[in-house]
Every structure is written in C-alpha cells, then in structure tokens.
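# Notes for the structure review
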Amino acid sequence: MKKSIAIIFAFIISQFQAQQNPYYQQAAKYKMDIDVNAEKFTYQGNQTLQYTNNSPDELNVVYFHLYWNAFKPNSMMDQRVASQGKNGDSRLQKDGISRLASIPKDQEGAQNIHWIKQNGKDLKFEVQETIMKVYLNESIKPNSTTSFTMEWDAVIPQQIRRSGRNNREGVDMTMTQWYPKISEYDYDGWATFDYIGREFHAPFSDFDVTIKIDKDYVIGAGGILENPKEVKGYDANANIKAEKNKKATWKWTAKNILDFAWSADRDYIVKSFDVPDGPKVYLVYQKNDKTKVWEEAQPYVTKYFQIMNSHFGKYAYPTYAFIQGGDGGMEYGMCTMILGESKSMEDLMGLMAHEGSHSWYQQMLATNESVRPWMDEGFTSYAEGYVMNQLFPPKDKLPNPFVERLEAYRNFVKKGIEEPAVWLGDHHDNGTSYTYASYIKGELFLVELGYIVGEENLSEILKQYFNTWSLKHPTDRDFLHIAQKVSGMDLKWFHHYWINTTKTIDYGIKDVKYDAKSTTITLINNGQVPMPIDFSILTKDKKIVTYQIPTNLTHTWKQKDEYGDFKTENYWPWTQKEYTLTIPYTQSQLQLLGIDFSQRLADVNMKDNFVEVK
Ligand SMILES: [Zn+2]
C-alpha cells in the first residue's frame, strides 16, 4: 500500500515537473572533411554529426538546412524577389528584376546529398529545396545521442546574397551557410524556415573541419586554426605542406558556436592582435587602395571590444575574425564577412561594430532570428549606436546617441507602411518595412526602455540578460522577465504596444497658464501608446528642473536616470486623456517648457512638445 502511494506521488511529481517546461537546448558536434576544386568552384564533403537530444520529446525525424539550393532560377528565393520587385532587398535584384533568374546553369548553387546514415544504417530523406527532411530508423530518445554520417557535393553559387564565388571585390569564395546544417529543435518545435533571403537559427555546435584547397589560397574563418605552420598567411615561418595535388590541408576547430563560416582567396593578408582581456582579433583582407583604413583599425577594434565586454557582457570565445567577403556584412560564429572598401574609419568601424555586436545579439544570446529579428538586429543596432557614440563622439553634443534613429523612425511612420516587429522576418511585405520593424523598432525598444526604467536599470537589465542567457536561446519573454525583475516595473504593456502593434506615441502640451506665483501646464495624450512623461523646464538662469509623471501601467516609478535628477509627480492613468501639472515658477522665470529634454521618447509629433516662454 505504502509503496503504491509513493509511486502515485512520484507520478504526480513527474507530471508536475513535466508541465514546468524546463529550459533545454540541443547539442551538435560536426566533423567535416572538405575537398575543394578551386577551378570549378565545387567541393566534396563528408560529415559525421553527433546529435544530442536534450528535449523531453522523442524525435522521429530530423531536418537539415541546404541553404545553397536557394541560389537558382525559380527557387523560392527567386520567386520572392520577383514578387517584391523594387520593394525587395536591393542586393537580390537589379532594377526590380531578380538576379537569381539569370544565374547561369554552371553557377547555380547546389548541395547534393549522396547519402545519410544513422548509426551506420541508410536513412530515407526528402529534399524540399533548402530543407532536407530525414526519416529516422531509430527515434532519438530524450537525453540521448545519435550519430549521423553523410556525404555530399556542392556547387559554390554565383554570389547573389552573402555566400558565393567571386564577390564584387574579387574575393574568390565566401563560404557561409555552406554545409548541411541540422535545424534547431526547441520548445517551438523544428526551426525549418525555407531560405528565401533573411536570417538563420541553429543549435550551439562544436566543429572540427578539415579543408583541402590549392596551397596558394589563404583561408579566413571563425574558429581556431590548428596548423598555422602548415598553411599560407598565418605564420611567417610556415612550411606549407602540399600534397601531390598541390593542395594544403587546413585544420579548423570551434566550440559552442551556431555555424562555422570561412572564406578563401589567393590575395588575402592576415593581421592579428590581442585585445586586453578579450579575444585575439584577426583581420583577413586584400591589401589595396580600397582597404587602406583596415591598416589603422587596431586601436578602434580594441576599444570596441573593451566597451562591449564591460557594458554588454564578456565575449565568450578566444578569437574573432573580420573577413573581407560576401556582399555587405553578415555575422557568423566568431567571425563576420564584410566588404573591404571603406571611405573612412568611421564607415569601417560602423560596419565592424554592427557585425561584431551580433556576437552578443545573435551568437551568444542566440535568439531565433527568423521569429524575432528585432531581438538580434535591433539589439545589435543599439550596441552599435552605443559604442560608435563613444568611438566617434559627435562634434555637436546630441541629447542622446539615438536621435538620428528616432528621427528616421518618425519620418518612416509618416509613410504609413509600417508593419509590426512581431512579424516573421521573411514575411514582411517589403524590405523597408522589414528594416524598420527589426533594426529600428528593435533598437528603439531598448531606447524607450531606458527612458521608462532609467539608464542605470537598462544597463543592469542588459548585464543580467547576458549573464542569465549567454550561450543559450532566449526569447522576448525571457528578456522581459529580467527587465521586470530588475526594474520592479510591469513592462508587458510596453512590449505589447511596441512589438506587436504599429501604434504610436504622441504627447503634447495643450495649454499653459501663468499665474502670479505659479504656472499650470495641461498635457494631452493624442497617441495610442501610453508612456511615462518626463516634463522639464529650463529657467532663465539656465537651471533644468524635471518632473517625472509616471504611467500607472508600470506600478513602480523610475528612481534615477543618468539624464538628470527629477521630482516624481502623481501618476497619469493611461485611460485619462489629459493631465494637469502646477509648478512653482512664474512666466518671468521660465524660458522653455518641454516633454522629455533627453529626446529619447519616440513621440511621432514633436511640434507640440516644447513651448518657448515669451
Ligand atoms: Zn545585423
């Protein structure tokens, strides 16, 4: 009797625990041998993949991404570009005509899978363009590891987007999303988005990659080069070991990254230096007139990593490489591919700061970019703006580092084509709406949050978010949980309005009455998004006094903010249209009245936000 009760209790407890949905993440270990035919732009590959299912679910199928299958006429990517015409991504089209439609047959991207086995036995698989569905002979039980082996060959596509051969600066091979990559499986299920142009997602993985390529090539990659003395470019005393076919063998490893990317060119040079307390940085590029600024980049890159490490959390990997390649800038594990040409150090660093910051928002804090692009592009843009403001302080001091972004957002909103940031990255109607939804709205999410909770709290939120979720897969819920915990405020309403809707903020000064001993101001909410209001005055003797008018939605008020001291007034119920404030200053003492002197508030109509006192 007693025993059966114990069993029942154990059952109830296990059911209870199962309902808690504890966090888990899948793990993958790749071993790949690649043999490149540089003349034909093809390679042969084989892969051994140890895949660990840490989920509570039994898996009967697995999915792989075959991204390069997108680069051919009439692919889904081509159809998408064609249907968006001039409104789509400018890099994929020329005058509104898809560049994919005219890829010559011998330059069509391909990943041809010869076979895949599980624990040595052949598996049935089905290729749906960029997704391969694999039916397993043996299901993968929770908390168990299985082994896949696979052989394939690939054609490096004409360079259309990100990866490919002969980019416009003459980099021979940009090898990104280049191997059959297992899809992520998490609480949302399999991340099986067809590749039509936007972003990526993957489980954290270890890599052991051997690449055979003609010995006069130099490879740049996100990883650790295990044999620098046997290949070109990394060691002055290298003794390049070439096999009979004149190929050298490159051995790369990387641990706990989302994807392994590399590139190869005969004209690359490699520079490296150590950031104090940070990664060893590699610059891999073609030395010529267009890349002159790269020569002077070291002090800026060093300072960049130091600011990131101290403000956003310490970079977790031993190395990072800025590699010339691709078509603009794209982030990968421990490296980025960027174009080499730069007009100025500020241009180059803007690109490096953006792509580098994806190591935080995409790589270490590995959100699903296809589902929540605003969390990686937006947070990355915020970090970029934060660091660039310190690396290149503006000549005329701005009220905050993000004023230009706010102005861009205001102008964009007027066009009436804004789409909610919550939309899936690939499903926006046009490229501009995607850009604003993910980059700008995501960046301003943090700017607005700083305004609501105070900058000190925001910086603590970013640190705790990093400390809790680094090398994991957080969602917006996880971020919000930490933001609420740190600030003590309810912030769900703000997240909802800002991310799920395109509603806008519009407060104004409706009326000012001057009396003998005081001034009474009536504020009005003409917008659809409630916000707390920092109302400030500038006196004739140049003193600034700020009154915090909280919104009751947060239920706790901002305690401090590095933008200045403030007095806290009664809260403004979010249902109430107007708010009246009386201040002990007379007309003759006042010079300027205004909503948010820091100008962080994303108010779309600034015309009624300030009153000059005559
Ligand atoms: Zn980005």
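One structure accompanies this document, and this report is about it. Because the structure is predicted, anything quoted here is derived from the model rather than measured.

## Concerning the sheet that holds strand E31 (residues 578-583)
As summarised here, the arrangement of the 3 strands in space is E26-E27-E31, forming an open sheet in which the pairing is antiparallel. Two strands in the sheet have a free side with no partner beyond their single neighbour: strand E26 (507-514) and E31. Between one strand axis and the next, the sheet turns through 20 degrees on average, direction left out of account. Of the pairings in the sheet, the one linking E26 to strand E27 (residues 519-525) comprises 7 bridges and is antiparallel in character. When the bridges of E27 are listed, Gly 508 appears paired with Ile 524.

## A closer look at the coordination of the zinc ion
Coordination sphere of the zinc ion, protein contribution only: His 354 (NE2), His 358 (NE2) and Glu 377 (OE), at 1.9 to 2.1 Å. The sequence motif formed by the donor residues of the zinc ion is H-x3-H-x18-E. Each member of the pair, His 354 as well as His 358, carries the same accessibility label: buried.

## Let's talk about the nonpolar core
By size, the foremost hydrophobic cluster in this structure holds 183 residues, and its most contacted members are Trp 178, Trp 250, Leu 449, Phe 479 and Phe 535. Per element, the largest residue contribution to this core is 11 residues, and it comes from helix H8 (residues 431-453). If near-sequence neighbours (up to four positions away) are discounted, Trp 178 is found in contact with Met 32, Ile 34, Tyr 43, Trp 68, Gln 111, Val 209, Phe 260, Ala 261 and Trp 262.

## So, the pattern of salt bridges
Counted according to the given criterion, the structure contains 30 salt bridges. Put simply, Lys 247 and Asp 35 hold a salt bridge, and the shortest N to O gap is 2.7 Å. Here Asp 35 lies in strand E1 (residues 27-37) and Lys 247 lies in strand E19 (residues 247-257), a separation of 212 residues in the sequence. Judged by relative accessible area, which is 31%, Asp 35 ranks as partly exposed. Among the ionic contacts, a cluster of salt bridges with common partners joins Asp 89, Arg 91, Arg 161, Arg 198 and Asp 327.

## Observations regarding unusual backbone geometry
Here Asn 166, not a glycine, exhibits a phi torsion of approximately 50 degrees, which is positive. Here Asn 166 shows up in the loop between strand E11 (164-165) and strand E12 (173-175). On the accessibility criterion, Asn 166 (43% relative accessible area) is partly exposed. Even without glycine at this site, His 555 takes up a positive phi of about 65 degrees. Mapping His 555 onto the fold places it in the loop between strand E29 (544-549) and strand E30 (567-568).

Cut-offs used in this document
- Residues numbered from 1 in each chain as written.
- Predicted model: local features only at pLDDT ≥ 70, side-chain atom pairs only at ≥ 80, totals over all residues.
- Heavy atoms only, no water.
- Pairing = 2+ DSSP bridges.
- Helix = DSSP H or I, 4+ residues; strand = E, 2+ residues; numbered from the N terminus.
- Axes fitted to C-alpha atoms, helices over the stretch in contact; angles between N-to-C directions.
- Donors = N, O, S within 2.8 Å, 3.2 Å for Na, K, Ca; no water.
- Buried < 20%, exposed > 50% of the residue type's maximum accessible area, 1.4 Å probe, protein only.
- Core = buried A, V, L, I, M, F, W, Y, C linked by side-chain atoms within 4.5 Å.
- Contact = heavy atoms within 4.5 Å.
- Salt bridge = Lys/Arg side-chain N within 4 Å of Asp/Glu carboxyl O.

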